[in-house]
Amino acid sequence: SLKGVDLLAEIQRLKEERNAVILAHYYQKPEIQDLADFVGDSLDLSRKAAATDADVIAFCGVRFMAETAKILSPEKTVILPDMDAGCSLEDSCPPDQFKAFREAHPDHIALTYINCSAAVKALSDIIVTSSSAETILDQIPKNQKIIFGPDRHLGGYLARKFDRDMLLWPGICIVHQAFSETELLKLKAEYPGAPVAAHPECPPHIIDHADHVGSTSSILKFCSETDSDIVLVATEPHIIHQMEKARPDKTFIGVPGGDGNCNCNMCPYMALNTLEKLYVSLRDLQPQIELAPDLMDAARVPLERMLEMAG
Ligand code: 13P
Ligand code: SF4
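Residues numbered from 1 in each chain as written. Chains lettered and ligands numbered in written order. Predicted model: local features only at pLDDT ≥ 70, side-chain atom pairs only at ≥ 80, totals over all residues.

We now examine the pairing of strand E1 (residues 20-25). With six of six residues buried, E1 lies mostly within the body of the structure. Residues Ala20, Ile22 and Ala24 of E1 are buried on one face, and the alternating residues Val21, Leu23 and His25, pointing to the opposite face, are buried as well. Where E1 and strand E3 (residues 56-60) come together, five bridges link them in parallel fashion. Bridged to alanine 24 within E3 is cysteine 60. Of the pairings in the sheet, the one linking E1 to strand E2 (residues 38-40) comprises three bridges and is parallel in character. Among the inter-strand pairings, histidine 25 is bridged to a residue of E2, identified as glycine 40. The β-α-β motif built from E1, the intervening helix H2 (residues 30-35) and the parallel element E2 has right-handed crossover chirality. (Buried ≥ 20, exposed ≤ 12 C-beta atoms within 10 Å, placed from the backbone. Helix = DSSP H or I, 4+ residues; strand = E, 2+ residues; numbered from the N terminus. Pairing = 2+ DSSP bridges. Right-handed = clockwise from strand over helix to strand, strands pointing away.)

In the neighbourhood of ligand 2, 14 residues make up the surrounding shell, with Cys87, Ser88, Cys173, Val175 and Cys267 lying closest. Breaking the shell around ligand 2 down by element, the ones donating at least two residues are helix H5 (88-91) and helix H10 (174-177). Classifying every residue of the shell around ligand 2 by side-chain character gives 10 nonpolar, two polar and two charged. Here the shell around ligand 2 gathers at least three residues from each of two domains, domain 1 (7-84 + 270-293) and domain 2 (89-173 + 299-310). (Near = placed C-beta within 6 Å. Nonpolar A, V, L, I, M, F, W, Y, C, P; charged D, E, K, R; others polar. Domains from an automatic or database assignment.)

This paragraph deals with the site of ligand 1. If you check the shell around ligand 1, you find Asp41, Ser42, Asn115, Thr129, Ser130, Ser131, Cys173, Glu201, Ser215 and Thr216 and nothing else. Composition of the shell around ligand 1 by domain shows at least three residues from each of domain 2 (89-173 + 299-310) and domain 3 (179-254).

This paragraph deals with the domain arrangement of the chain. As assigned here, the chain comprises domain 1 (7-84 + 270-293), domain 2 (89-173 + 299-310) and domain 3 (179-254). A separation of 26 Å is found between the C-alpha centroids of domain 1 and domain 2. Element by element, the count of residues in the side of domain 1 that touches domain 2 is highest for helix H4 (residues 63-72), at five residues. In terms of residue class, the side of domain 1 that touches domain 2 is built from six nonpolar, two polar and three charged.

With that settled, the discussion passes to the sheet that holds E1. Pairing in this open sheet of four strands is parallel, and the strands run E2-E1-E3-E4 from one edge to the other. The open sheet terminates on both sides in strands that have one partner only, identified here as E2 and strand E4 (77-79). Taking each pair of neighbouring strands and ignoring which way they run, the sheet shows an average axis angle of 25 degrees. (Axes fitted to C-alpha atoms, helices over the stretch in contact; angles between N-to-C directions.)

We now examine the environment of proline 204. Tracing the backbone shows proline 204 in helix H12 (residues 204-207). Spatially, the C-alpha atom of proline 204 lies 48 Å from that of glutamate 17, the residues being 187 residues apart in sequence.

With that out of the way, let us pick up the UniProt feature "binding site: iminosuccinate" (unreviewed entry) in the chain. If you check UniProt for "binding site: iminosuccinate" (unreviewed entry), the listed places come out as His25, Ser42, Tyr113, Ile114, Asn115, Ser130, His199, Pro200, Glu201 and Thr216 in our numbering. Examined against the element boundaries, tyrosine 113 turns out to sit in strand E5 (residues 108-113). C-beta crowding within 10 Å serves as the criterion here: with 30 such atoms nearby, tyrosine 113 is assigned to the buried category. Once residues lying within four places of it in the same chain are set aside, the contact partners of tyrosine 113 are Leu89, Val128, Gly149, Pro150, Asp151 and Leu154. Along the chain, the position of serine 130 falls in the loop between strand E6 (126-128) and helix H8 (133-138). (UniProt positions renumbered as here; feature names shortened; annotations may be inferred. Contact = placed C-beta atoms within 7 Å.)

In structure tokens form, the structure reads like this:
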């Protein structure tokens, strides 16, 4: 039993003993964000994982993020507090079907969202995150045909914004898909003039109401810099913890999902990580990310292209 264990103190002690770094995504529980060495978006976390001199990376996020850390730093031990922390976008894109899709379109390059398995990365030409997609797309010649997967909303948003034809894989994020336009319109009526910040994983009926569209880090920046006293936030609401720290003088309201009475705007995969599981994973160095070396070598190529092109 973990009863009586001072989790925060034990995590700190084990972190030093193991020479570990704790990386956390903005969608993690506040107590995890607060003890992490670094909190960031998918691109920032990839960069940190690639650059760290720690021996162990304790990744508080989801599996594709921890796998990315392992692929970029294969000599490190990478632990994920709960190996079941997956992602609906990854689930939507089985590698064999993605391979068939690529083969059916041999004149297209595959520009692929980082929210996918290592096997899908290995089948891709360039990986993007929501914070790097626009910069990277800008460097690809206009006449180059593109397959974009697995998030059809991010792909559709980029296609519309840059007027580019892209073949879209039909995946969605269950969290951003659940935002309700009706609930958003109710909030807009209640707080007239409050800007809406949305993640590009949201469907167009949410994006169309947004004053700012971008990655978690860009939404956080927008919310930290806005003059408005109230901001409506259409992304996973655990990021509001960082907004409140940056601007305690302002009010950030998470847009509800579904009919407004569910918790479906929260990511069930991100929620699997807890302080208890983080403690156990640091203590036992399990569960650990293990990937075949040749798979990692193949997946590293498009990931390193991303890091180069993102600048
Ligand atoms: P970013 O933090 O890169 O914007 O990604 C959001 C997300 O849904 C991660 O799963
Ligand atoms: Fe995947 Fe969506 Fe959860 Fe991010 S928020 S991990 S995209 S299901």
